[in-house]
Amino acid sequence: MISELFIQAVQMLAVLLLAPLLTGLVRRVKARLLRRRGPSILQPYRDLVRLAHKEVVLADNASWLFRAAPYLIFATTWVAASLVPTFATGLIFSWAADLIVIVALLGSARFFLALAGLDVGTSFGGLGSSREVMIASLAEPALIMVVFTVAMIAGSTQLSTVSAFMLSPEVGLRVSLGLALVALIIVAIAENSRIPVDNPSTHLELTMVHEAMILEYSGRHLAVLETASSLNLLLYVSLISSIFFPWGLADANAAPLALFTGFVFYVVKLLVSACLLAVFETSIAKMRVFRVPQFIGTALMMALLAALLMFVTRSL
Amino acid sequence: MIAETFSYDVAHMLAGGMLLVSFMLLYQDRMYGLLNTFALHAFVLSLSVAWEAYVNQSPHLYITAAIALVLKAIVIPTALHRIVQRLGIHRTVETTVGIGATMLVGIGLVALSMALMLPVTDAVDPLARQDLAFSLSILLLGLLMMVTRRNAVGQVVGLMSIENGLILAAAGANGMPLVVEISVAFSVLIAFMVIGIFLFRIRERFDTVDVHVLDSFRGERK
């Protein structure tokens, strides 16, 4: 019991500590691809420390919601991230909640973020919130359909079970899985406000979505929000790798050495996905806001198709 | 047992891939992109038919696959490329309904064809069963494409994707030596229709089918 709790605590701390590193790595690789030197990988940590020491400046008409929202968003994202298998499956918390709960937690984080954007009443905040909700209204059904497809294949919505099933030879070749993977990647790009949908590195631009909502935040509130968005990126990377690339995942009851190997595998997966994300982002241009529904609609279509195709496979 | 499920999986993947390419055809709004996607459609079809031939050990299906590959993945797209170039219509394809709505209708059609085909073909062997279900949905998607496109090239591509769906069904119904003849006949028919529609279009626009008129028209556009 104690050791199970310990491993769960390790995972929770690991996701929290690795999240800014992942963000920093993506930024660094992107900078190198553009032939700039770029800031150090550790820069996000320094930013967070600097922000945490700064004074919070609040608008006069900010309500309690505006002050509570960053912590709520951070808490829901952190809980969701601790439920996804990163280096080991079958952790003690993972039996308490399945994929649908993770989707719901992310949904409530987005809800609070959109409310916080509207709270102060600036035009940028409202703009960002309305766009975020527009994107979410397509991305969330797509995510749910991906969850259904995966659940139909693996026979469970429990992520640990899904990972174990994906490792077994029963999986075979399935077109539904490929479709679900592409759909999930598109959803991840949209939800993390990466480039074709939103640009994470600009500030004060008319097309921004995520930045527009958190424009009024400062000091420790901003630090918490930045951590939450880094965590969100890490969460999606872990989700994709635990469903579709579960190689090297250790079991929670395994020996410490196996857990360590699982951890090394996880770090390698993070490195690879950071490089892939950076390459993808530098090779594509940002879309107009009104084309975004088409882009995410593709994800929804693919996820629906993946679920439909499941009905002509041998198992059902 | 493992070999059997593997062969089924590959067939499923190829047929599902074809269905996906059908959706890509619906989504494409650039002329050249449309033609390239159509070539991909025919290529996946020929792979699928060839796999069927390999699994069921029916060599005549290899001929069907070869015909699909040469005629529909190479010759017809190239010819259409040329026609599009000569007509100077390589701008966006006009669609009557928005792409999002078309996609949703397409998904609905796929669901419809599965709901229709799966109960009917309960007793058939699973490979033929899935081929029939997929081919009906590809057929319906082709029809949908013909309905939503106003451009003649788009309609021709829709028609030919219908025909690809038919060949998939024919290949799935194993032990049908007529398949070869049917596919050849259809291909000739399609080629005929391509020319026919274009002649109609040209005549409708210029009151003549003279190619010189086209040349002067292109000069005017530049």
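Along every chain, residues carry numbers that run from 1 in the direction the sequence is written. To label them, take the chains in the order written and letter them from A, then take the ligands in the order written and number them from 1. It should be noted that, the model being predicted, local features are given only for residues of pLDDT at least 70 and side-chain atom pairs only at 80 or more, the latter also being counted only at that level, while totals for whole chains, interfaces and linings use all residues.

Caption draft 1: The overall build of chain B, seen in detail. By definition, any uninterrupted DSSP run of H or I lasting at least four residues is a helix, any uninterrupted run of E lasting at least two residues is a strand, and each is numbered from the N terminus. When its secondary structure is counted, chain B shows eight helices and zero strands. When its helices and strands are written in sequence order, chain B yields α-α-α-α-α-α-α-α. Residues are scored as being in contact if the C-beta atoms we place from backbone atoms lie within 7 Å. The long-range share in chain B, meaning contacts at least 24 apart out of those at least 6 apart in sequence, stands at 72%.

Caption draft 2: The arrangement of the packing of helix 7 (residues 175–191) of chain A against helix 9 (residues 219–244) of chain A in detail. Residues and elements named next belong to chain A. Remark: helix 7 packs on helix 9, axes separated minimally by 10 Å, with the N-to-C direction vectors making an angle of 175 degrees. Between helix 7 and helix 9, the angle is such that the two are roughly antiparallel. Contacts from Leu 181, Leu 184, Ile 185, Ala 188 and Glu 191 in helix 7 reach Asn 232, Tyr 236, Ile 240 and Phe 244 in helix 9. Ten residues, namely Ala, Val, Leu, Ile, Met, Phe, Trp, Tyr, Cys and Pro, are considered nonpolar, four, namely Asp, Glu, Lys and Arg, are considered charged, and the remaining ones, Gly among them, are considered polar. Partitioned by chemical class, the residues of the contact of helix 7 with helix 9 number seven nonpolar, one polar and one charged. Helix axes use the C-alpha atoms of the stretch in contact, all axes being lines fitted to C-alpha atoms, and the angles between their N-to-C directions lie in the range 0 to 180 degrees. Convention used here: angles under 35 degrees read as roughly parallel, angles over 145 as roughly antiparallel, angles from 65 to 115 as roughly perpendicular, and any remaining angle as oblique.

Caption draft 3: Looking closely at the confidence of the model for chain A. When pLDDT is averaged along chain A, the result is 90, and 99% of the positions lie at 70 or above. How sure the predictor is of each residue is captured by pLDDT, a score from 0 to 100. By mean pLDDT, the top-scoring element of chain A is helix 2 (residues 43–53) of chain A (95), and the lowest-scoring one is strand 2 (residues 250–251) of chain A (84).

Caption draft 4: Focus on the nonpolar core. What we call a nonpolar core is a set of buried Ala, Val, Leu, Ile, Met, Phe, Trp, Tyr and Cys residues whose membership is set by joining through C-beta atoms within 7 Å. As a rule, residues whose C-beta atom has 12 or fewer other C-beta atoms within 10 Å are exposed, those with 20 or more are buried, and those in between are partly exposed; C-beta atoms are placed from the backbone. Judged by nonpolar contacts, the single largest core of 148 residues is most densely connected at Ala 142, Ala 183, Ala 303 and Leu 305 of chain A. Filtering out sequence-adjacent residues up to four positions away, Ala 142 of chain A remains in contact with Ala 183, Val 187, Ile 296, Ala 299, Leu 300 and Ala 303 of chain A.

Caption draft 5: Highlighting unusual backbone geometry. Residue and element names in this part refer to chain A. In the Ramachandran plot, Arg 35 falls in the positive-phi region, its phi being about 65 degrees despite a non-glycine side chain. With respect to the element layout, Arg 35 can be found in the loop between helix 1 (2–33) and helix 2. Located in the positive-phi region is Ser 193, a residue other than glycine, with phi close to 45 degrees. Within the fold, Ser 193 resides in the loop between helix 7 and helix 8 (210–213). Exposure remark for Ser 193: the 22 C-beta atoms within 10 Å place this residue in the buried category.

Caption draft 6: A look at helix 1 of chain A. Residues and elements named next belong to chain A. Here the expected length of a helix is defined as 1.5 Å per residue gap, with one fewer gap than residues. Over its 32 residues, helix 1 extends 46 Å from the first C-alpha to the last, a length consistent with the 46 Å expected when each residue adds 1.5 Å. In this scheme, the bend at a residue equals the angle between the axes fitted to the seven residues that finish there and the seven that begin there. The sharpest bend along helix 1 comes to roughly 30 degrees, located at Leu 18, with the proline Pro 20 sitting one to four residues further on. Count one or two residues on from helix 1 and you reach Arg 35, which has phi positive near 65 degrees.

Caption draft 7: Geometry of the interface of chain B and chain A. Taken together, the contact pairs 22 residues of chain B with 16 residues of chain A. Secondary structure elements with two or more residues in the side of chain B that touches chain A: helix 1 (2–27), helix 4 (99–120) and helix 5 (126–148) of chain B. Top contributing element to the side of chain B that touches chain A by residue count: helix 1 of chain B, with 11 residues. Of the residues assigned to the side of chain B that touches chain A, the class counts are 15 nonpolar, six polar and one charged.

Caption draft 8: Representation of the packing of helix 2 of chain A against helix 9 of chain A. Residue and element names in this part refer to chain A. Two elements in contact, helix 2 and helix 9, have axes separated by 7 Å at closest approach and are oriented at 150 degrees. Regarding the angle of helix 2 to helix 9, the classification is roughly antiparallel. Packed against helix 2, whose contacting residues are Pro 44, Leu 48, Leu 51 and Ala 52, the element helix 9 presents Gly 219, Arg 220, Leu 222, Ala 223, Glu 226, Thr 227 and Ser 230 at the interface. Of the residues contributing to the contact of helix 2 with helix 9, the split by class is six nonpolar, three polar and two charged.

Caption draft 9: Spotlight on the environment of Ala 68 of chain B. Residue and element names in this part refer to chain B. With respect to the helices and strands, the residue Ala 68 is situated in helix 3 (residues 60–87). A sequence separation of 93 residues divides Ala 68 from Ser 161, and the C-alpha atoms of the two residues are 12 Å apart. Beyond its immediate chain neighbours, meaning those up to four positions away, Ala 68 contacts Ala 42, Leu 45, Ser 46, Val 49, Ala 73 and Ile 167.

Caption draft 10: Representation of the environment of Asp 98 of chain A within the structure. Residues and elements named next belong to chain A. Structurally, Asp 98 can be placed in the loop between strand 1 (88–89) and helix 4 (99–119). Residue class for Asp 98 comes out partly exposed when judged on the 19 C-beta atoms lying within 10 Å of it. When the C-alpha positions of Asp 98 and Ile 195 are compared, they lie 29 Å apart, and in sequence the two are 97 residues distant. In this view, Asp 98 contacts Thr 157, Gln 158 and Leu 159; residues no more than four positions away in its chain are not counted.

Caption draft 11: Layout of helix 6 (residues 159–167) of chain A. Among all positions in helix 6 of chain A, only Leu 159, Ser 160, Val 162, Ser 163 and Met 166 of chain A are buried. In a view along the axis of helix 6 of chain A, the buried residues occupy a sector of 160 degrees, so they form one face of it. The directions considered for the arc run from the helix axis to the C-beta atoms.

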